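# Chain and residue survey
Listed below, chain by chain, are the residues.
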Amino acid sequence: MEAAARAGSRPMPNVGRKTPAASGTPLPTSAQLNLSFSFQTADGGGRVRNPYICVWIEDTKGNMVQNLAIWYGQPRYIQHLDRWYNAELNYLNGGGTDNTAAVSGGTRAAGQYQLKWDGTDVNGQRVAQGDYVLCIEAAREHGPYSLVTGALKVADAKASFTFPDNSELVGVSAEYVV
């Protein structure tokens, strides 16, 4: 995210976190979250633009932990992904390092997608065992806005998670393995 985009931003809560790694027992080095979700366009006929989609992990206070995917076209419209944009600005305004280029790419057509989280924060550090929030946000021009969020409890044992559908984001599930 460019500094110019941040310059006029409004103050965000929780500013000041330079690293999202929490204190406590770190996740096992073999820990991984395997995420699956589908984007399905609403049936309306006509031309449908691909959505902007962001997938990320937050802590329970809404602080950015790790970006998993940022799929967009025009940078000037990325702020339409409200929750991600605010979490990212909060992190950057608090002195965090921009890692969005590592997980960014163009928009994707409707379909099923799989992503992985290796249990690290944006600085590459293992996060602590505990509670986190999975966030998937989608917005498209002249189309609906969708946000799926859900609690994740990650520790030293396998776990499965399912999340409710929201508009065009469906079939969201995650498997945590150690």
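Our subject is the structure listed above.
Cut-off values and rules
- Residues numbered from 1 in each chain as written.
- Predicted model: local features only at pLDDT ≥ 70, side-chain atom pairs only at ≥ 80, totals over all residues.
- Heavy atoms only, no water.
- Pairing = 2+ DSSP bridges.
- Helix = DSSP H or I, 4+ residues; strand = E, 2+ residues; numbered from the N terminus.
- Contact = heavy atoms within 4.5 Å.
- Axes fitted to C-alpha atoms, helices over the stretch in contact; angles between N-to-C directions.
- Buried < 20%, exposed > 50% of the residue type's maximum accessible area, 1.4 Å probe, protein only.
- Expected span 1.5 Å × (residues − 1).
- 1 Å grid on protein atoms, 1.4 Å probe; cavity = no way out; pocket = protein on both sides within 12 Å on 5 of 7 lines; lining within 4 Å.
- Points joined across faces, edges and corners; volume = space filled by probe spheres on them.
- Nonpolar A, V, L, I, M, F, W, Y, C, P; charged D, E, K, R; others polar.
- Core = buried A, V, L, I, M, F, W, Y, C linked by side-chain atoms within 4.5 Å.

Consider a sheet: its strands pair through backbone hydrogen bonds, and that pairing is either parallel or antiparallel. Here we have five strands laid out as an open sheet, ordered β4-β3-β2-β6-β7, and mixed in their pairing. Where the open sheet ends on each side, the last strands, each with one partner, are β4 (104-105) and β7 (145-154). The sheet contact formed by strand β3 (residues 64-71) and β4 spans two bridges and is parallel. Among the inter-strand pairings, Trp71 is bridged to a residue of β4, identified as Gly105. Contacts from helix α2 (residues 82-93) reach β2 (52-59), β3, β6 (130-139) and β7 within the one sheet, and its direction differs from that of β3 by about 130 degrees.

Let us now look at the pairing of β2. Most of β2 sits inside the fold, with eight of its eight residues counted as buried. Here β2 shows no split at all, with Tyr52, Cys54, Trp56 and Glu58 on one side and Ile53, Val55, Ile57 and Asp59 on the other all buried. Of the strand pairs in this sheet, β2 and β6 are connected by eight bridges, and their pairing is antiparallel. Among the inter-strand pairings, Ile57 is bridged to a residue of β6, identified as Leu134. Relative to β3, β2 runs antiparallel, the two being bridged by six bridges. Pairing of Ile53 across the sheet is with Trp71, part of β3.

In this section: α2. The terminal C-alpha atoms of α2, which comprises twelve residues, lie 16 Å apart, in line with the 16 Å expected from a rise of 1.5 Å per residue. For α2, the complete set of buried residues consists of Trp84, Tyr85, Ala87, Glu88, Leu89, Asn90, Tyr91 and Leu92. Where α2 terminates, the next one or two residues include Gly95, which has phi positive at roughly 100 degrees.

This part takes up the layout of surface pockets. In this model, the largest pocket occupies a volume close to 310 Å³. Together, 13 residues line the largest pocket, and Tyr52, Tyr77, Ala139, Arg140 and Glu141 are the ones closest to its centre. Residues of the lining of the largest pocket, tallied by class, amount to five nonpolar, five polar and three charged.

Core analysis: the biggest nonpolar cluster contains 31 residues, and Leu35, Phe37, Val55, Ile57, Leu134 and Ile136 have the highest contact counts within it. Mapped onto this core, the elements with two or more residues apiece are β1 (32-39), β2, β3, β5 (111-117), β6, β7 and β9 (169-177).

Don't take any of this as a statement about function, it's just geometry.
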